[in-house]
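Overview (structure and organization)
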Amino acid sequence: MGYSSLVSKFGDVRNQYNIMAIVGNGFDIQVLSNLGSTVDTRYESFYYYLKYRKFRSDNRILQKMEQLHHSGATNWSDIEGAIGVILDHDNVPAVDVAKDLKEVQREFSSFLDQVATPDLLANLGDQSVANDWTITSFTNFLGDVVDPGEYRKMILPTRLNIGDLFNFQFVNFNYTTLLDDYLYLDQIQFDPHPYQQSDRNINFRPNPRGHSTGKERQGFHMVSYLVSDVVHPHGVQYTPRSLLFGIDSAEGPALKLTKPYWAQNEVKYGDLFADTDLFIIFGCSLGETDGWWWRAIAKTLVEQNNSELMIYWRRSQGENELTDKDVRHRFAAVAGSQAGLEAVLIDKVRVVIYDDTAERAWLNTSQSTAPRWLKN
C-alpha cells in the first residue's frame, strides 16, 4: 500500500512531498532521560528487570543473554541478537525458540508499563506544548544540517515552494507511544485552518540557518500544508501480543521468527519507498535485524533521482572523532552490497551527528538546547 494523494483534500496544493521518518529506541531513551526518569527502555534494563522478577532461568533467550554478558560481548543485552545466535550456533529448533520468545514478549510488555507510564506521557505532552517541540520538528528540521556544503547537496530544499504539502509518515520502531504523544498536533501548536482565505496550515522554513548556499534567506517561510501519521510495525505496548522480536530475513522454519514476515512489511510498506522524497532515520543503531528497511531505503536512493536520506546519529562517549563517512559506511554495511550504493552515499545522504549539548530541531526534548535560529 503506497501513499495516498492528498492534493484533492485541500484547496490549493502545488506539490506533495512524502517524508518517511524511521524512529528507534534512541528517541525513547532520550525522552526518559530528559524528563528525569530513573529507568529507560534499553534491553539491558529489561534484563535486570527479568532477574529481579526471578524470570524462568531455563528460558533459552535469557540464558543466551547471560552467556553473552559473562563472555564480555558488547551487545549481550540485545534480545534479537541472542535469538540469532541461538538459531545460528546452538541448533535449537525455531519452534522452541518461539515458545521462549512468547514468555519474553509478555514480560517486556509488563516492563514497559512501568517505564512509559501515563504520568510520564502526560508530562511529555505538557513539555511539547510549552516548548513548541512538535511544530518545530515539522517546520525547522532542515536547520539541523549545519555545514553549508552539505545543505547545498540536498535535493528537497531546491524543489520546495509556497503551497506545498508535507506528508510525514512516521515508522515507530518503539513499542511505547512516547513518539506518538510527542508528535500529536494539539490545539495550541497547530490549527488545521488558521486563515480565512486559505486552508494552508503551517509556516515551513526551508533554510532555517540561513546558509548562503540556500535558495531562500534565513527568515523566509513557506505557508504550506502538513499531514502526519504514525505506524508501529513491531507492535505497541498496550497490545502485549503484538510485540515483535525477531531476526531480519530467513527461510525454512526460521521464517516464523523474522520481523518482516509477521509485520507484513512488503504488503503494508513496500510500496511507500519509491514515492518517498526524503527518508529520516533517528534513534536507530542501524542493526542487522532491521535490515529489510535499510535495504529498501538504499535501493530507493539508487533508483529514484529525487530521493535522499538524513541520518541522525548520537555521538556516544569515546566517539569524538566520529565522522559523516563513518556513519555512511555503517549504513552501507547493513544495507547490503547493492550496486550503485557507494556512488550515491555522498550525494544523497546527509548525516547529523549530535550529542546532548547540540542544537537540534528534529525530535528535540531538551529545552536547554533549543536552536538559536528559532529566534531569528
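Please read all numbers here as calculations on a predicted model, not as lab measurements.

1. A word on a nonpolar patch on the surface
- Residues Leu255, Tyr261 and Trp262 make up a contiguous nonpolar surface patch of roughly 280 Å² in combined accessible area.
- Within the fold, Leu255 resides in the loop between strand E4 (222–231) and helix H11 (259–263).

2. Structural notes on the packing of helix H4 (residues 79–89) against helix H5 (residues 94–115)
- In contact at an axis separation of 11 Å, H4 and H5 are set at 160° when each is read in the N-to-C sense. Classified by the angle between their axes, H4 and H5 sit roughly antiparallel to one another. Relative to H5, the crossing made by H4 is right-handed. Together, Ile79, Ile83, Ile86 and Leu87 of H4 and Ala94, Val97, Leu101 and Val104 of H5 make up the contact between the two elements.
- Among the residues forming the contact of H4 with H5, the class breakdown is 8 nonpolar, no polar and no charged.

3. Details of the sheet that holds strand E1 (residues 16–23)
- The sheet built from 7 strands is open, its strands ordered E3-E4-E2-E1-E5-E6-E7 with mixed pairing. Edge positions in the sheet fall to strand E3 (202–204) and strand E7 (349–354), since each has one partner strand and no second. Across the sheet, the axes of successive neighbouring strands diverge by a mean angle of 30°, strand direction being ignored.
- The pairing of E1 with strand E5 (residues 278–282) spans 5 bridges and is parallel. Bridge pairing in E5 links Ala21 to Ile280.
- Across the sheet, helix H7 (residues 133–140) touches strand E2 (165–172), E3 and E4, and the angle it forms with E3 is around 50°.

Cut-offs applied
Residues numbered from 1 in each chain as written. Predicted model: local features only at pLDDT ≥ 70, side-chain atom pairs only at ≥ 80, totals over all residues. Heavy atoms only, no water. Patch = residues over 30% accessible without salt bridge, like charges linked within 9 Å, V, L, I, M, F, W, Y side chains within 5 Å. Areas by Shrake-Rupley, 256 points an atom, 1.4 Å probe, with all protein chains shown as cover. Salt bridge = Lys/Arg side-chain N within 4 Å of Asp/Glu carboxyl O. Helix = DSSP H or I, 4+ residues; strand = E, 2+ residues; numbered from the N terminus. Axes fitted to C-alpha atoms, helices over the stretch in contact; angles between N-to-C directions. Parallel < 35°, antiparallel > 145°, perpendicular 65-115°, else oblique. Left-handed = near helix turned anticlockwise from the far one by under 90°. Contact = heavy atoms within 4.5 Å. Nonpolar A, V, L, I, M, F, W, Y, C, P; charged D, E, K, R; others polar. Pairing = 2+ DSSP bridges.

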